[in-house]
Amino acid sequence: MSDLRIALQKRLLQFLKSNSERYYNPKQLAKALELNAPQKTLLQQALNDLENQNKIKQQSPGTFKYQYAKSALYGVIDFNSRAQAFVSIEGFKEDVIIQAEHTGNALQGDTVTIELFNSNAARRKTGRVLEVVKRARNQFVGSFQKNKNQQWVVPDNPKIHVDFILSASEIKVNSGDKVVVTLLHWNADDSSPTAQLIKVLGIPGQHTTEINAIMVEFGLPDAFSDSIEAAAQAISEQIPEQEIQNRKDFRKHCTFTIDPQDAKDFDDALSVQINSENVIQIGVHIADVTHYVKPGTQLDEEAYSRATSVYLVDRCIPMLPERLSNNLCSLRPHEDKLCFSAVFELNLQGQLLNEWFGKTVIHSRHRFTYEQAQEVLKDRKSTRLNSSHIPL
């Protein structure tokens, strides 16, 4: 076996071990590891070798995941306020207790391997950390402290029970300032981890300081990369006529949105249509993001990593770039938009007569705020569908 193939196996194994919660196909692995042409030709062979060695496994043909040794016990470590920890192990009825002196160099949320001190089924299992398989995070927020000989940071997170010793830094900072550090290393023989000061957030208690601290603490990104923004900008605003032909057309139905006053992304709408004297049709329309964000693309992977939009007191951290969240996928009034819809036919007694689910194209006629919608409900004279509140 060539040295190149062996080296590639080591890189693959390390990457899959560090990302042990996901499966990857060869294309994704080649991209993540930035493989060159010779390495790509050996990629499938290297994956087959690792699978034959029982170091990785396939979920379905062509997708691979790290395979822990059958004898290994691994899970995510969760500390309490007394520095005692617990590790949930698949197949165990109770978490394994890890006393503070046996947690090694694990930090809150890390994926670890452990060994048991006792396996008696009648007693609560205890153990110790053998290895940190994957760090839950590498950036931390805390309070900067110093004396004549040393500088360190006391973490804000009460589940982290060690201070971070700082390496040399030229960043100007005052004692007590809230800061962000990046973990550099925590060797087995070190009593504390070593970190690098990367950002000063400011004086604790101030609004901007605390909001920025929350963003770092929960790993909330403050911007999209240039490549993600470029991918969003490259998407056309025009809806192909063939796409419209493949959908149920609701553009002539009375459709509207109801959102907070300061909302910018309108991701759902309602439609109302009287089919007969005793039958009313209600449509619930959700923006069809999948038309614009295709599986396996940069935008899809970015959305996967963010999982959701996050709303803070003074800002929104969106799952998708503004061009998508506030424009293409926002059901703005007086624009044709693509949706997934649930449509129900009801009689005047509220009984369900019929239902339909599928892809649609809509055209919202009005954007209501919650306050405006409430006023319509209060004004009995304005509840007819052809009222002046919704231009027909």
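Our subject is the structure listed above.
Here the focus is the nonpolar core. When a protein is soluble and globular, its nonpolar side chains tend to lie buried together. Core analysis: the largest hydrophobic core is formed by 25 residues, its most contacted members being Ile235, Tyr292, Leu299, Leu324, Leu331 and Ile362. Among the elements that make up this core, the one with the highest residue count is strand β19 (residues 336-347) (three residues). If sequence neighbours within four positions are ignored, leucine 299 has contacts with Ile228, Ala231, Ala232, Ile235, Val293, Leu320, Pro321 and Leu324.

Moving on: the sheet that holds β19. Strand order in the open sheet formed by seven strands is β13-β20-β19-β16-β15-β14-β21, and the pairing between neighbours is mixed. The outermost strands of the open sheet, each flanked by one partner alone, are β13 (248-249) and β21 (366-369). Taken together, the two bridges between β13 and strand β20 (residues 352-363) define a ladder with parallel strand orientation. From the neighbouring strand, lysine 248 faces β20, where its bridge partner is threonine 360.

A full pass over the atoms with the stated rule returns 17 salt bridges. The residue glutamate 302 makes a salt bridge to arginine 306 at a minimum N-O spacing of 2.9 Å. One end of the pair is glutamate 302 and the other is arginine 306, both in helix α7 (residues 298-306) and four residues apart, which spans about a single turn. A network of salt bridges, in which partner residues are shared, links Asp156, Lys178 and Glu210.

Time to look at unusual backbone geometry. Outside of glycine, negative phi angles account for most residues, and trans bonds account for most peptide bonds. Of note in this structure, glutamate 34 is not a glycine but carries a positive phi near 55°. Examined against the element boundaries, glutamate 34 turns out to sit in the loop between α2 (26-32) and α3 (37-52). According to the relative accessible area criterion, glutamate 34 is exposed, its value standing at 69%. We note that histidine 334 has phi near 70°; this positive angle belongs to a residue other than glycine. Topologically, histidine 334 is positioned in the loop between α8 (322-328) and β19. Overall, the relative accessible area of 55% leaves histidine 334 in the exposed class.

Another point: the pairing of strand β3 (residues 73-79). Note on strand geometry: in a regular strand, side chains alternate between the two faces of the sheet. Here β3 runs beside strand β6 (residues 111-116); their pairing, made up of four bridges, is antiparallel. The residue bridging valine 76 from the neighbouring strand is threonine 111, located in β6. Bridging between β3 and strand β4 (residues 85-87) involves three bridges; their strand directions are antiparallel. Each bridged residue has a counterpart across the sheet, and for phenylalanine 79 the counterpart in β4 is alanine 85.

So, how was this worked out
Residues numbered from 1 in each chain as written. Predicted model: local features only at pLDDT ≥ 70, side-chain atom pairs only at ≥ 80, totals over all residues. Heavy atoms only, no water. Core = buried A, V, L, I, M, F, W, Y, C linked by side-chain atoms within 4.5 Å. Buried < 20%, exposed > 50% of the residue type's maximum accessible area, 1.4 Å probe, protein only. Helix = DSSP H or I, 4+ residues; strand = E, 2+ residues; numbered from the N terminus. Contact = heavy atoms within 4.5 Å. Pairing = 2+ DSSP bridges. Salt bridge = Lys/Arg side-chain N within 4 Å of Asp/Glu carboxyl O.

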